[in-house]
Amino acid sequence: VQIIVPPYNTGISANSNRAMSASSGKWYKGIAGDDILLPDCLEKNIDYIEKNPETQILFSQMSAFTCNNDGTFEECSFLPEAALYASMFTSFSARKQYLALLNDDPIACTNAPTLFASRELLLKYPFNEAYKYSDDIPEWIKLTKSGIHIDCMDTVTVRYRRGDSLSSSNKRFSPPLLWGSKRLHFWNELEGYLREEGLYESYNKRRKQLLKIELLECLTKNKPTFFNKVLAILIRKYADYVNFPKF
């Protein structure tokens, strides 16, 4: 076991790239602090790869749980359509998967905690370290745009903890680090891709999401007090009526 300690917090994307460079195996399986790999997680992924040798990147299903104050776990519902989505998304071509990801379509079954991928592939297409706290979606968009097909299997391999983490919290309206990376990704890449494909509705939807976040951060300081919660409702209603110029 090799422990790598960077001199400062370089973010998720850089950590993943660093692990890839330091490892020597053929396949990469990540695990975050709020994930639990099931005992047969690796076995199921390897079994799928052996039966589908052309696969370079594979996702699977995950179950969700929360931690109670007494230290016990409580299972919670997850996307009920996940199995159907996984089957449909796998049947898509890489091109169609790319468009689904651009459209933020829920059918795009890319459960980041379940990622099992070719190390060689991720060395060739490393995570963009500019997006420190949003390593997943920018990577899947880049891969499918490059013609790499994503496989999804209808098998639960990971348990994911829902709670106060980088991507979710009840102490703020939005996780600032995550949305900072999402905002940067939109202006650096997504906007151009959406314009290139003529996907105005998806562009408009994403611009509205960014507007809501920016207004919430500016007017509420991202603190969900009672007054700010009322203000947040008004902000969201206002943003829903805004439409950005067509292209």
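Residues numbered from 1 in each chain as written. Predicted model: local features only at pLDDT ≥ 70, side-chain atom pairs only at ≥ 80, totals over all residues. Heavy atoms only, no water.

1. Considerations on the packing of helix H4 (residues 94–102) against helix H6 (residues 136–145)
Axis angle and axis distance: for two packed helices, these are the angle between their axes and the distance between the axes, and together they describe the pair.
Logical step 1: One way to put it is that H4 packs onto H6 with a least axis distance of 8 Å and a crossing angle of 150 degrees. Judged by the angle between their axes, H4 and H6 are roughly antiparallel. As H4 runs across H6, the sense of the crossing is left-handed. Contacts between H4 and H6 involve Ala 94, Gln 97, Tyr 98, Leu 101 and Leu 102 on the former and, on the latter, Trp 140, Ile 141, Thr 144 and Lys 145.
Logical step 2: Taken together, the residues of the contact of H4 with H6 sort by class into six nonpolar, two polar and one charged. (Axes fitted to C-alpha atoms, helices over the stretch in contact; angles between N-to-C directions. Helix = DSSP H or I, 4+ residues; strand = E, 2+ residues; numbered from the N terminus. Parallel < 35°, antiparallel > 145°, perpendicular 65-115°, else oblique. Left-handed = near helix turned anticlockwise from the far one by under 90°. Contact = heavy atoms within 4.5 Å. Nonpolar A, V, L, I, M, F, W, Y, C, P; charged D, E, K, R; others polar.)

2. Topic: the packing of aromatic side chains
Logical step 1: Inspection of every chain in the model, using the stated rule, returns ten aromatic pairs.
Logical step 2: Where Phe 89 meets Phe 92, the ring centres are 6.2 Å apart and the plane angle is 65 degrees; that geometry is what we call edge-to-face. Here Phe 89 and Phe 92 have matching classes, each one buried.
Logical step 3: By the ring-pair criterion, three or more aromatic residues cluster together here, those being Phe 186, Trp 187, Tyr 200, Tyr 203 and Phe 247. (Phe/Tyr/Trp six-rings, centres within 6.5 Å; stacked < 30°, edge-to-face > 60°. Buried < 20%, exposed > 50% of the residue type's maximum accessible area, 1.4 Å probe, protein only.)

3. A short note on the pattern of salt bridges
Logical step 1: Tallied over the entire structure, the rule returns nine salt bridges.
Logical step 2: With its nearest N and O atoms 2.8 Å apart, the salt bridge here joins Arg 95 to Glu 197. Highlighted residues: Arg 95 in helix H4 and Glu 197 in helix H7 (residues 176–197), separated in sequence by 102 residues.
Logical step 3: When salt bridges with common partners are traced through the structure, they connect Arg 183, Glu 214 and Glu 217 into a single cluster. (Salt bridge = Lys/Arg side-chain N within 4 Å of Asp/Glu carboxyl O.)

4. Topic: helix H2 (residues 41–51)
Logical step 1: All of the buried residues along H2 are Cys 41, Asn 45, Tyr 48 and Ile 49. Buried positions in H2, seen along its axis, are confined to an arc of 100 degrees and lie on one side of it. With respect to the buried face of H2, the exposed residues turned more than 90 degrees away are Glu 43, Glu 50 and Lys 51. (Arc of directions from axis to C-beta.)

5. Remarks on the nonpolar core
Logical step 1: The biggest cluster of nonpolar side chains holds 40 residues, and the ones touching the most others in it are Ile 57, Phe 89, Leu 102, Leu 115 and Trp 140.
Logical step 2: Broken down by secondary-structure element, the contributors of at least two residues to this core are strand E3 (57–67), helix H3 (82–91), H4, helix H5 (119–124), H6, H7 and helix H8 (200–220).
Logical step 3: Once residues lying within four places of it in the same chain are set aside, the contact partners of Leu 115 are Tyr 28, Lys 29, Gly 30, Ile 57, Leu 58, Phe 59, Phe 127 and Trp 140.
Logical step 4: Counting residues in each nonpolar core, the second largest holds five residues, with Tyr 48, Ile 49, Leu 58 and Phe 116 among its members. (Core = buried A, V, L, I, M, F, W, Y, C linked by side-chain atoms within 4.5 Å.)

6. A closer look at the pairing of strand E6 (residues 151–161)
Regular strands show a simple pattern: their side chains alternate between the two faces of the sheet.
Logical step 1: As defined by bridge partners, strand E2 (residues 35–37) adjoins E6 across three bridges and the pair is classed as antiparallel. Note on E6: the bridge partner recorded for Asp 35 is Tyr 160. (Pairing = 2+ DSSP bridges.)

7. Examining the side chain of Thr 220
Logical step 1: For Thr 220, the position within the fold is in helix H8.
Logical step 2: Classification of Thr 220 as buried rests on a relative accessible area of 3%.
Logical step 3: Once residues lying within four places of it in the same chain are set aside, the contact partners of Thr 220 are Phe 173, Leu 215, Asn 228 and Leu 231.

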